[in-house]
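The lines below spell out each chain.
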Amino acid sequence: MTDPDDVVGPGLGPDLALALDNAGRENAGVERVVEVRLPTTYGEFRAVGYLDRRGDIEQVALVYGEVAGELALTRVHSECLTGDVFGSTHCECGDQLSAALRAIVAAGRGVLVYLQGHEGRGIGLLAKLRAMKLQDDGLDTVEANIALGLPVDAREYRVAAEILQDLDVRSVRLLSNNPRKRAALLRHGITVAEQVPLLVAPRAENIRYLRAKRERLDHDLPHLDGTHGLS
């Protein structure tokens, strides 16, 4: 008879034990932990909390109306402390978050998946602040990340797809200007029936950033063509 310790147990070397643990996390996916009513200035949502067991990262989806099935208006929003919380005008993130929530309520049904771990396109808060300093010195958002030896975009969208699948959202109308986000969701099994523009008025403080997103990161921002009077 095989001793269980010969398969998994104290007899495992530390490297193999770590590899098995990592493999388990990689296949673990998200776990729905809690669901609660969330009244907001935009309307009343359901906040559905998840734990991404691959990295023990807490995630949340704001759900408005009945979203199971097809064509739910959906925003997959990357965490941005400076824009979403502090109201920074360096980027358009806070404006987009507000616009997305208003659009979902106006549509009568939809989901906003708020992704933690995406700060600064996935490089983290302190690195993002360093990159912002380099942008003040004249680099664009792509050049700043490269100058710091960091990825231009390190975001991963598997967890967003898993959350949508848990909510039984089978296809989405995606609120986004980023074709790479659409492609990522498609790779992870989410049908994107339509990509809905989420355009907000540019400001003097973020026009260079927005132009870099259009020219360097392929964001679809046609409204910048008619921008005048901004540096």
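Residues numbered from 1 in each chain as written. Predicted model: local features only at pLDDT ≥ 70, side-chain atom pairs only at ≥ 80, totals over all residues. Heavy atoms only, no water.

### Here's the deal with helix 10 (residues 207-217)
In an α-helix, one turn spans 3.6 residues; hence positions three or four apart end up facing the same way. Keep this limit in mind: Exposed residues in this analysis have more than 50% of their type's maximum accessible area, buried residues have under 20%, and partly exposed residues fall in between, with area computed by a 1.4 Å probe over protein chains only. Counting from the N terminus, the helices are DSSP H or I runs at least four residues long and the strands are E runs at least two residues long. Whether two residues touch is decided by their heavy atoms; if any such pair falls within 4.5 Å, the residues are in contact.
Of all the residues in helix 10, the buried ones are Ile207, Tyr209, Leu210, Ala212, Lys213 and Leu217. Contact partners of the buried residues in helix 10: helix 5 (119-122), helix 6 (125-136), helix 7 (141-147) and helix 9 (179-187). Trailing helix 10 by a residue or two, aspartate 218 shows a phi angle of about 70 degrees, which is positive.

### What about unusual backbone geometry?
Positive phi, close to 55 degrees, is recorded for aspartate 56, a residue that is not glycine. Mapped onto the fold, aspartate 56 is located in the loop between strand 2 (44-52) and strand 3 (57-64). Since its relative accessible area comes to 45%, aspartate 56 is described here as partly exposed. For leucine 71, which is not glycine, the phi dihedral falls at a positive 65 degrees. Among the secondary structure elements, leucine 71 is positioned in the loop between strand 3 and strand 4 (72-78). On the basis of relative accessibility, which here comes to 43%, the residue leucine 71 falls in the partly exposed class.

### Some points on a nonpolar patch on the surface
To keep things clear, this is the line we draw: Patch rule: a residue counts if its relative accessible area is over 30% and it has no salt bridge; like charges are joined within 9 Å, and nonpolar side chains (Val, Leu, Ile, Met, Phe, Trp, Tyr) within 5 Å. With residues, only the protein chains shown are counted as cover, and all accessible areas are computed by Shrake-Rupley using a 1.4 Å probe. What counts as a salt bridge is simple: a side-chain nitrogen of Lys or Arg found within 4 Å of a carboxyl oxygen of Asp or Glu.
Residues Leu125, Leu126 and Leu129 make up a contiguous nonpolar surface patch of roughly 260 Å² in combined accessible area. Position of leucine 129 relative to the elements: it lies in helix 6.

### What to know about the packing of aromatic side chains
Which entries qualify depends on this criterion: Two rings from Phe, Tyr or Trp (for Trp, the six-membered ring) form a pair when their centres sit within 6.5 Å of each other. Planes less than 30 degrees apart are called stacked, planes more than 60 degrees apart edge-to-face, and all others tilted.
One pass over the structure, following the stated rule, counts one aromatic pair. Relative to tyrosine 64, the ring of phenylalanine 45 has its centre 5.3 Å away and its plane inclined at 55 degrees; by these criteria the two rings are tilted. Linking phenylalanine 45 in strand 2 with tyrosine 64 in strand 3, this pair joins segments that are 19 residues apart in sequence.

### Thoughts on the sheet that holds strand 3
Applied cut-off: Pairing between strands is defined by DSSP: at least two bridges between the two strands are required. To obtain an axis, a line is fitted to C-alpha atoms, over the contacting stretch when the element is a helix, and the angle between two such axes runs from 0 to 180 degrees between their N-to-C directions.
One open sheet holds the seven strands; their spatial order is 1-2-3-5-4-6-7, and the pairing between them is mixed. In the strand order of this sheet, the two ends are held by strand 1 (30-39) and strand 7 (191-196), each with one partner. In this sheet, neighbouring strand axes are inclined to one another by 25 degrees on average, regardless of whether the strands run parallel or antiparallel. Strand direction decides the pairing type here: strand 6 (residues 171-175) and strand 7, joined by five bridges, are parallel. The partner of leucine 175 across the bridge, within strand 7, is valine 196. Packing of helix 8 (residues 158-166) onto the sheet brings it into contact with strand 1, strand 2, strand 3, strand 4, strand 5 (110-115) and strand 6, and relative to strand 5 it is tilted by some 145 degrees. The strands touched by helix 9 are strand 4, strand 6 and strand 7; relative to strand 7, the strand with the most contacts, the crossing angle is about 165 degrees.

### Describing the environment of valine 200
Structurally, valine 200 can be placed in the loop between strand 7 and helix 10. C-alpha separation for the pair valine 200 and leucine 224, spaced 24 residues apart in sequence, amounts to 10.0 Å. In this view, valine 200 contacts Glu92, Asp95, Gln96, Ala99 and His223; residues no more than four positions away in its chain are not counted.

### Observations concerning the pattern of salt bridges
Considering all chains together, one arrives at 18 salt bridges under this definition. Arginine 54 is the salt-bridge partner of aspartate 52, the closest N and O atoms lying 3.3 Å from each other. With respect to class, aspartate 52 is no different from arginine 54; both count as buried.

### Side note on the confidence of the model for the protein
If pLDDT is low for a region, its predicted coordinates should not be looked at in detail. Quick reminder of the rule: How sure the predictor is of each residue is captured by pLDDT, a score from 0 to 100.
Residues with a pLDDT of 70 or more make up 86% of the protein, whose mean pLDDT is 90. Segment residues 1-11 is flagged for pLDDT under 50; beyond a separation of four residues in sequence, or across chains, it makes four contacts in the model. pLDDT under 50 marks residues 17-26. Its contacts with residues more than four places away, or in other chains, come to seven contacts.

### Concerning the side chain of lysine 128
Here is the rule: A 3.5 Å cut-off defines polar contacts: any pair of N or O atoms within that distance qualifies, except that in protein one atom must be a possible hydrogen donor and the other a possible acceptor, and neighbouring residues in sequence count only when both atoms are side-chain atoms.
Assignment of secondary structure puts lysine 128 in helix 6. Residue lysine 128 is classed as buried on the basis of its relative accessible area, which comes to 10%. A polar atom in the side chain of lysine 128 sits 2.4 Å from the side chain of glutamate 119. Discounting chain neighbours no more than four positions away, the residues touching lysine 128 are Cys80, Leu81, Thr82, Glu119, Gly120 and Ile123.

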